Amino acid sequence: MSDTPFGFGLPPEEPEDGDGKKKDPAGGGQGSGDPQNPFGFGGLPGMGGMGGDNPFAAMFGSMNPNDLGAAFQQLGQMLSYEGGPVNWDMAKDVARQTVAQGTSDGTKDASVSAGERSAVEEAVRLADHWLDGVTSLPSGATTAVAWSRAEWVEATLPAWKQLVDPVAERVGAAMGDVLPEEMQAMAGPLIGMMRSMGGAMFGQQIGQAVGVLAGEVTGSTDIGLPLGPVGKAALLPLNVAAFGKDLSVDENEVRLYLALREAAHQRLFAHVPWLRSHLFGAVEGYARGITVDTSKLEEAVGGLDPSNPEQLQEALQQGMFQPEETPAQKAALARLETALALVEGWVDAVVHEAAKPRLTSADALRETLRRRRASGGPAEQTFATLVGMQLRPRRLRDAARLWASLTDARGHEGRDGLWEHPDMLPTAADLDDPDGFVHREQMDFSELDKMLGEAASGSADGKPNLKKDDEGDEGGK
């Protein structure tokens, strides 16, 4: 997949195509007049293997009527799209096509069998039972499901939409904002076409990214965010088997360990009601800070040939939109990094405590997952590609050590009680000094809880609340 689907980051010396390959210096490749791809969009059905100097002759000459109809249908979908900043219908189609093609090792998607479904349900049930003894948070999984890769795509697209739309909307709005107001009316059709094509390009690249990720994830919470429906603990049997293939670990242990991680995530997101909005809100806050290199955009718009929409795609891929390191963006990114580290660190610590006495391969599985995350595994890479953020995996080990120390010092209830309010959680500075946080004098948050309750009550009955809400906000800090 492209490293810069939204144009984030400076372009390399030799720009990359949308599929991550270097452009042919002779002029081939996506976005450079490739005769195999006259519209600059890879993956159109029936368009493989075309050649010749005349792209239209190549396009029409080598296609049977069915392929030709499919190509025009998809092109029409691009040009007629009038929805939001991302063409999510196209994203879903491309993701499903990517899944259908299989992974690089030749593994094809397959329907989940009754035996696989039963094994996942049993693993999640047992995992939840083990977790009861290591956390005060009750079960958050109302059901356990086994998904194929295609089912994972369908189930997680709503969450991807919530994550990606704020970024794509900010980028898409810049296309029209850069033109003077008097020119916008004259360039209306062109701007409309640009937005339609932009929505299609974003949809194609997001679909490809999600489709690739579907071939690698083992559940619904691999990136530390709740991507699936509330209350559904999900595992992908095909990917679970692939994960454990070269580990020399019993398949049942692999499944149980991954079920523990999925069930632990479900507990956290089910019983910490503010957590989901806190994480997604940090992404939205980051998106609001995205700025546009107007000089590049003006140049691209001024030289755009309406009959050559691939120019816009090439401009998007070569750094037209450059996020600046503004204070607001730094704060949003730091908040997201710290929150994700705390989520993953808590899950790591809780799962290890539950698995260590019961699974002989608990240490090996823990280290395998840690290395996968620390090396910028598929989850981190896809997240960074879709929303333009790089996370700091080193924080995960710091957070895991902090949560384990809190368990020793305060017990399960004292540790898990910190999730009651975001102001009670460790900060990024606390991850640098976990012992200082663990042994800090515990504060009494009863007054803060009382004040928050009174504020909520006052809002509910419509009466003004004259107390200052920030009087107790410094508790615990």
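Residues numbered from 1 in each chain as written. Predicted model: local features only at pLDDT ≥ 70, side-chain atom pairs only at ≥ 80, totals over all residues. Heavy atoms only, no water.

**Description of the overall build of the protein**
In terms of regular secondary structure, the protein is built from 19 helices and two strands. In the protein, buried positions account for 51% of the 477 residues. Carbon and sulfur atoms make up 51% of the accessible area of the protein, which amounts to about 21600 Å² in all. (Helix = DSSP H or I, 4+ residues; strand = E, 2+ residues; numbered from the N terminus. Buried < 20%, exposed > 50% of the residue type's maximum accessible area, 1.4 Å probe, protein only. Areas by Shrake-Rupley, 256 points an atom, 1.4 Å probe, with all protein chains shown as cover.)

**With respect to the nonpolar core**
Nonpolar side chains in soluble globular proteins generally cluster together in the buried interior. Within the largest apolar cluster, 91 residues are counted, with the highest numbers of intra-cluster contacts made by Trp152, Trp403 and Trp419. Not counting residues up to four positions away in its chain, the partners in contact with Trp152 are Trp147, Trp160, Val210, Leu213, Ala214, Val217, Gly219, Ser220, Leu227 and Leu236. (Core = buried A, V, L, I, M, F, W, Y, C linked by side-chain atoms within 4.5 Å. Contact = heavy atoms within 4.5 Å.)

**Quick notes on the packing of aromatic side chains**
Each pair of aromatic rings is reported with the distance of its centres and the angle of its planes. On inspection of all chains with the given rule, the structure shows two aromatic pairs. Between Trp403 and Trp419, the ring centres sit 5.3 Å apart and the planes meet at 15°, which makes this aromatic pair stacked. Here Trp403, found in helix H16 (residues 394-416), pairs with Trp419, found in the loop between H16 and helix H17 (428-432); they are 16 residues apart in sequence, far enough to count as distant. The two residues Trp403 and Trp419 agree in class, both being buried. The positively charged end of Arg276 is found above the aromatic ring belonging to Phe280, 4.6 Å away from the centroid. (Phe/Tyr/Trp six-rings, centres within 6.5 Å; stacked < 30°, edge-to-face > 60°. Lys NZ or Arg CZ within 6 Å of the ring centre and 35° of its normal.)

**Topic: unusual backbone geometry**
For Ser248, which is not a glycine, the phi torsion comes out positive at approximately 55°. Along the chain, Ser248 turns up in the loop between helix H8 (237-244) and helix H9 (251-271).

**Quick notes on helix H4 (residues 114-131)**
For H4, which comprises 18 residues, the first-to-last C-alpha distance of 26 Å matches the rise-based estimate of 26 Å (1.5 Å per residue) to within 8%. Taken together, the buried positions of H4 are occupied by Val120, Ala123, Val124, Ala127, Asp128, Trp130 and Leu131. Angular distribution of buried residues about the axis of H4 spans 160°; they occupy a single face of the element. Relative to its buried face, H4 has exposed residues pointing more than 90 degrees away, namely Ala114 and His129. Looking at the buried positions of H4, the neighbouring elements they touch are strand E1 (143-146), strand E2 (232-235), H8, H9 and helix H13 (327-355). (Expected span 1.5 Å × (residues − 1). Arc of directions from axis to C-beta.)

**Considerations on the packing of H13 against helix H14 (residues 362-374)**
It is at 10 Å that the axes of H13 and H14 come closest, and there the two elements cross at 165°. One finds that H13 runs roughly antiparallel with respect to H14. Once H13 is placed against H14, the crossing between them reads as right-handed. On H14, the residues that touch Glu344, Asp348, Ala349, His352 and Ala355 of H13 are Ala362, Asp363, Arg366, Arg370 and Arg373. (Axes fitted to C-alpha atoms, helices over the stretch in contact; angles between N-to-C directions. Parallel < 35°, antiparallel > 145°, perpendicular 65-115°, else oblique. Left-handed = near helix turned anticlockwise from the far one by under 90°.)

**Considerations on the confidence of the model for the protein**
When pLDDT is low, close inspection of the predicted coordinates is not appropriate. Residues with a pLDDT of 70 or more make up 59% of the protein, whose mean pLDDT is 75. Averaged over each element, pLDDT in the protein is lowest for helix H1 (residues 55-61) (43) and highest for H4 (98). Low confidence marks residues 1-61, where pLDDT is under 50. Its contacts with residues over four positions away, or in another chain, come to 134 contacts. Note on residues 466-477: pLDDT is under 50 here. Beyond four places in sequence and across chains, it has 18 contacts. (pLDDT = per-residue confidence, 0-100.)

**Notes on the environment of Ala331**
Within the secondary structure layout, Ala331 lies in helix H13. Overall, Ala331 belongs to the partly exposed group, its relative accessible area being 41%.

**Quick notes on H13**
In a regular helix each residue adds 1.5 Å, so 29 residues correspond to 42 Å; H13 covers 41 Å between its end C-alpha atoms and thus fits that length. With respect to burial, H13 is a largely interior element, 22 of its 29 residues being buried.

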